[in-house]
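Breakdown of the fold
So the chains spell out like this:
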Amino acid sequence: MKFSPKLSRFLTRLGYLLCVATAFYASYGFANYLASKQSFVPEIIFEWEYDIPFIAWTILPYWSLNLLYGLGFLLCKNSRELNRYTAQLLLSQLIAVVFFILFPLQISWSKPESFGLSKFLFDSLATFDMPFNQAPSLHIILCVVVGSLYISKTSKIWLKAIVLAWFALIALSVLTIYQHHFIDIPTGLLVGFLVLVIVPIEGEILKFNLAHTKAHLKWASFYALLALIFAALAFYLGGAFLWLLYFSVSFALVGFGYALFGAQIFRKEQNGKISSFWLLLPYLIMARLNIIYWLNLKRAPKSSEILPNIYLGSIAEAHKFEAVFDLTAECESRPKAEQIYLNFAMLDMVKPKFDELKAAVKAMDSIISKNKRTLLCCALGYGRSALVLLGWLVWCNKMNVDDAILLIKNSRPKVVIDDSVRKFFMEFG
């Protein structure tokens with residue numbers, strides 16, 4: 001039987017929804033069942049949570065996530081987006097259920113009596129839910145994932161604000177209907193944003209980009225150690241200090257970037273924004289403070305002219321130029337509407353591989369060809385950007401390696417170009 005394109009599109013999405021919903025209820029119910037069979041299931045609760053009021057009507061926004069979850073399949077504009085949305089939901093489910101099975105938690109509070117529609121919705125919830133499957137809250141994870149889809153479909157600021165406010169109310173409702181403890185919310189947010197980093201609606205899925213240099217392993221180990229220190233402090237001090245796990249997750253992700261995924265862990269987009277901003281915020285703050293320290297307290301020059309209209313410097317100077325070639329992965333930027341801007345994200349403190357450097361030089365050449373007052377920048381303008389500029393001078397401008405190094409160092413003496421860099425260009429130049 002042949003269906004019309006619209007009906008075929010609807011049936012396809014309905015089929016996806018049924019498959020994902022089946023996986024949801026089967027795995028969620030299985031984790032609930034396993035927890036219910038244990039003789040003791042712990043509960044993590046802060047003293048102030050006992051003062052949270054029970055607000056029966058907030059079961060409405062809580063339940064609305066189920067409707068928005070399903071309608072999301074119809075919002076997907078094409079099969080690629082549909083596949084990504086489906087993958088996000090399944091990955092969310094997988095991560096949450098693994099935690100539910102390995103680290104089961106419960107909420108022992110009984111819900112006060114409710115009436116009317118609220119009572120009906122609470123009774124419906126009780127038919128398949130048990131007081132387990134707590135952290136990370138799958139409801140919060142899905143709130144992030146589903147909410148990001150809806151926000152991406154709205155172009156007007158006021159409409160985005162309404163959508164964001166509704167999903168915030170959904171998130172808050174897990175507390176006001178006594179469905180979750182507070183600890184379940186930040187852990188759910190972390191997993192939700194992690195899912196968006198691994199499988200974004202737009203852009204490439206996170207792929208392995210294995211590094212084999214000592215520098216990569218050194219910095220991966222450094223951030224792994226930081227992550228372990230903050231995790232140990234969080235568990236040792238307990239209570240409000242559990243927020244230190246946020247720092248631990250942030251540094252761990254950066255470590256994974258150096259060891260496994262490269263600069264894509266930051267998800268920096270061509271509008272200068274970092275998609276994984278909230279996950280990496282503690283590290284991003286540290287990176288920004290480092291820039292402030294060197295450029296302001298140490299009074300290092302923010303940019304230097306290397307050739308006419310070609311400058312080397314810090315991303316902090318980007319707003320002063322007509323064209324910007326940005327090599328940072330860890331610094332958000334806000335290019336002006338009239339500005340030519342291109343981001344080629346590279347990790348800090350490590351030399352890029354030959355193919356990556358070649359690609360960066362090619363991208364830089366496309367910016368230089370615009371004949372604008374151009375800034376080639378990284379965090380400080382001493383490392384990545386200097387290396388790419390050297391590549392451009394040697395490969396595109398046909399300069400001798402030593403002359404190119406001398407030219408850069410005469411204008412910006414503190415650039416990091418050592419003998420290993422010179423040998424590299426002598427070999428591949």
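Here's a quick rundown of the structure. (Residues numbered from 1 in each chain as written. Predicted model: local features only at pLDDT ≥ 70, side-chain atom pairs only at ≥ 80, totals over all residues. Heavy atoms only, no water.)

Details of the pattern of salt bridges
Under the defined criterion, the tally for this structure stands at 12 salt bridges. A salt bridge links Glu-332 to Arg-334; the nearest nitrogen and oxygen atoms lie 3.2 Å apart. Overall, Arg-334 belongs to the exposed group, its relative accessible area being 56%. Counted as one network, the salt bridges with shared partners bring together Lys-77, Arg-80 and Glu-202. (Salt bridge = Lys/Arg side-chain N within 4 Å of Asp/Glu carboxyl O. Buried < 20%, exposed > 50% of the residue type's maximum accessible area, 1.4 Å probe, protein only.)

Looking at unusual backbone geometry
Note the cis peptide between Ala-135 and Pro-136, where omega equals -5°. Note that Pro-136 resides in the loop between helix H4 (116-126) and helix H5 (138-152). For Asn-133, which is not a glycine, the phi torsion comes out positive at approximately 50°. Here Asn-133 falls in the buried class, since its relative accessible area comes to 3%. Look at Met-349: it is not a glycine, yet its phi comes out positive at around 70°. Position of Met-349 among the secondary structure elements: in the loop between strand E4 (340-346) and helix H11 (354-368). (Helix = DSSP H or I, 4+ residues; strand = E, 2+ residues; numbered from the N terminus.)

Some words on the packing of helix H1 (residues 5-36) against helix H2 (residues 59-75)
Two numbers describe how H1 lies on H2: the axes approach to 8 Å, and their chain directions differ by 140°. Here H1 lies oblique to H2, going by the angle between them. Crossing geometry of H1 relative to H2 is assigned as right-handed. Residues Arg-9, Phe-10, Arg-13, Tyr-16, Leu-17, Val-20, Phe-24 and Tyr-25 of H1 lie in contact with H2, whose contacting residues are Asn-66, Tyr-69, Gly-70, Phe-73 and Leu-74. In the contact of H1 with H2, the residues fall into nine nonpolar, two polar and two charged. (Axes fitted to C-alpha atoms, helices over the stretch in contact; angles between N-to-C directions. Parallel < 35°, antiparallel > 145°, perpendicular 65-115°, else oblique. Left-handed = near helix turned anticlockwise from the far one by under 90°. Contact = heavy atoms within 4.5 Å. Nonpolar A, V, L, I, M, F, W, Y, C, P; charged D, E, K, R; others polar.)

Points about the sheet that holds strand E2 (residues 310-314)
Neighbouring strands of a sheet are bound in pairs by backbone hydrogen bonds; such pairs are parallel or else antiparallel. With mixed pairing, five strands are arranged side by side in an open sheet as E1-E2-E5-E3-E4. For this open sheet the edge positions go to strand E1 (303-307) and E4, each flanked by a neighbour on one side alone. Neighbouring strand axes in the sheet, compared pairwise and without regard to direction, differ in orientation by 20° on average. Pairing between E1 and E2: four bridges, direction antiparallel. Within E2, the residue paired with Glu-305 across the bridge is Tyr-311. Set on the sheet, H11 makes contact with E2, strand E3 (323-328), E4 and strand E5 (374-378); between it and E4 the angle comes to about 170°. (Pairing = 2+ DSSP bridges.)

Quick word on the packing of aromatic side chains
The full count for this structure, using the stated rule, is 31 aromatic pairs. Ring geometry for Trp-219 versus Tyr-223: centroids 6.2 Å apart, planes at 35°, classification tilted. Here Trp-219 and its partner Tyr-223 are both found in helix H8 (residues 214-237), four residues apart, which amounts to about one turn of the helix. Its relative accessible area of 16% is what places Trp-219 among the buried residues. In this structure an aromatic cluster arises from ring pairing among Trp-219, Phe-222, Tyr-223, Phe-230, Phe-247, Phe-251, Tyr-258, Phe-266 and Tyr-283. Looking at Arg-373, its charged tip hangs above the ring of Tyr-311, at a distance of 4.7 Å from the centre. For Arg-373, the ring lying beneath its charged end belongs to Phe-321, and the centroid distance is 4.4 Å. (Phe/Tyr/Trp six-rings, centres within 6.5 Å; stacked < 30°, edge-to-face > 60°. Lys NZ or Arg CZ within 6 Å of the ring centre and 35° of its normal.)

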